[in-house]
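Inside the fold
Residues per chain, in single letters:
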Amino acid sequence: MTRHLETGSGPWRPWIGGSEDRSHPRPAAVSVAPFDGRAVAEVEQADATDVDRAVVVADESWAAHRRTPGHERAGWLHAAADRLEASSDALVDALVALV
């Protein structure tokens with residue numbers, strides 16, 4: 001689901017460890033469409049603390065999954081592809097809204 005400014009659904013937040021990070025307030029910036037300057041979304045700006053935490057989480061994830069067999073990893077990718085395909089209408093709508 002695209003969070004446009006006009007929906008009032010709040011800003012996009014950094015995605016760390018599998019979910020939106022709401023651990024602390026961050027300044028937000030407005031993302032604008034490059035062709036007409038229209039505001040598209042509000043995005044919280046990650047800071048150094050966010051980057052450090054994301055690196056730690058990624059390292060922990062790598063350590064936990066590095067020995068996972070390829071066929072299981074392939075299953076994860078297929079599941080992600082299925083979710084993208086299930087959201088294809090919403091993704092197309094979001095892309096068309098930017099054109």
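Residues numbered from 1 in each chain as written. Predicted model: local features only at pLDDT ≥ 70, side-chain atom pairs only at ≥ 80, totals over all residues. Heavy atoms only, no water.

Along the chain, the regular secondary structure elements total three helices and four strands. Of all 99 residues assigned to the chain, the portion counted as buried reaches 15%. Within the chain, contacts between residues at least 6 apart in sequence are counted, and of these 41% link residues at least 24 apart. Summed over all atoms, the accessible surface of the chain reaches about 7400 Å², with 60% contributed by carbon and sulfur. (Helix = DSSP H or I, 4+ residues; strand = E, 2+ residues; numbered from the N terminus. Buried < 20%, exposed > 50% of the residue type's maximum accessible area, 1.4 Å probe, protein only. Contact = heavy atoms within 4.5 Å. Areas by Shrake-Rupley, 256 points an atom, 1.4 Å probe, with all protein chains shown as cover.)

In this section: the confidence of the model for the chain. In low-pLDDT regions, the fine details of the predicted coordinates are not to be read closely. Per-residue pLDDT for the chain has a mean of 86; in total, 90% of the residues score no lower than 70. Ranking the elements of the chain by mean pLDDT puts helix H3 (residues 88–97) last with 79 and helix H1 (residues 48–65) first with 96. (pLDDT = per-residue confidence, 0-100.)

What follows concerns the environment of Thr68. Counting through the fold element by element, Thr68 comes out in the loop between H1 and helix H2 (70–86). The exposure class assigned to Thr68 is buried, which follows from its relative accessible area of 14%. From its side chain, Thr68 meets the backbone oxygen of His65 in a polar contact 2.9 Å long. (Polar contact = N/O pair within 3.5 Å; in protein donor to acceptor, adjacent residues only side chain to side chain.)

In a regular helix each residue adds 1.5 Å, so 18 residues correspond to 26 Å; H1 covers 26 Å between its end C-alpha atoms and thus fits that length. Looking at where H1 begins, the residue whose side-chain oxygen comes 3.1 Å from the main-chain nitrogen of Thr49 is Asp47. (Expected span 1.5 Å × (residues − 1).)

Moving on, we come to the pairing of strand S4 (residues 39–44). Pairing geometry for strand S3 (residues 28–32) and S4, over five bridges, is antiparallel. Counterpart to Ala28 in the pairing with S4 is Glu44. (Pairing = 2+ DSSP bridges.)

Once the charged atoms of two side chains with opposite charge are near each other, the side chains can pair. Under the criterion given, the structure shown has seven salt bridges. In this structure, Asp21 engages Arg26 in a salt bridge whose closest nitrogen and oxygen atoms are separated by 2.3 Å. By the burial criterion, Asp21 is buried, and Arg26 matches it. (Salt bridge = Lys/Arg side-chain N within 4 Å of Asp/Glu carboxyl O.)

With respect to the secondary-structure elements, Ser61 resides in helix H1. The sequence separation of Ser61 and Gly17 amounts to 44 residues, and the corresponding C-alpha distance is 8.7 Å.

Moving on, we get to the side chain of Arg26. Structurally, Arg26 can be placed in the loop between strand S2 (19–20) and S3. Taking relative accessible area as the criterion, Arg26 reaches 9% and is therefore assigned buried. A distance of 2.3 Å separates a polar atom in the side chain of Arg26 from a polar atom in the side chain of Asp21. Apart from residues lying up to four places away in sequence, Arg26 is in contact with Pro14, Asp21, Glu44, Gln45, Ala46 and Asp50.

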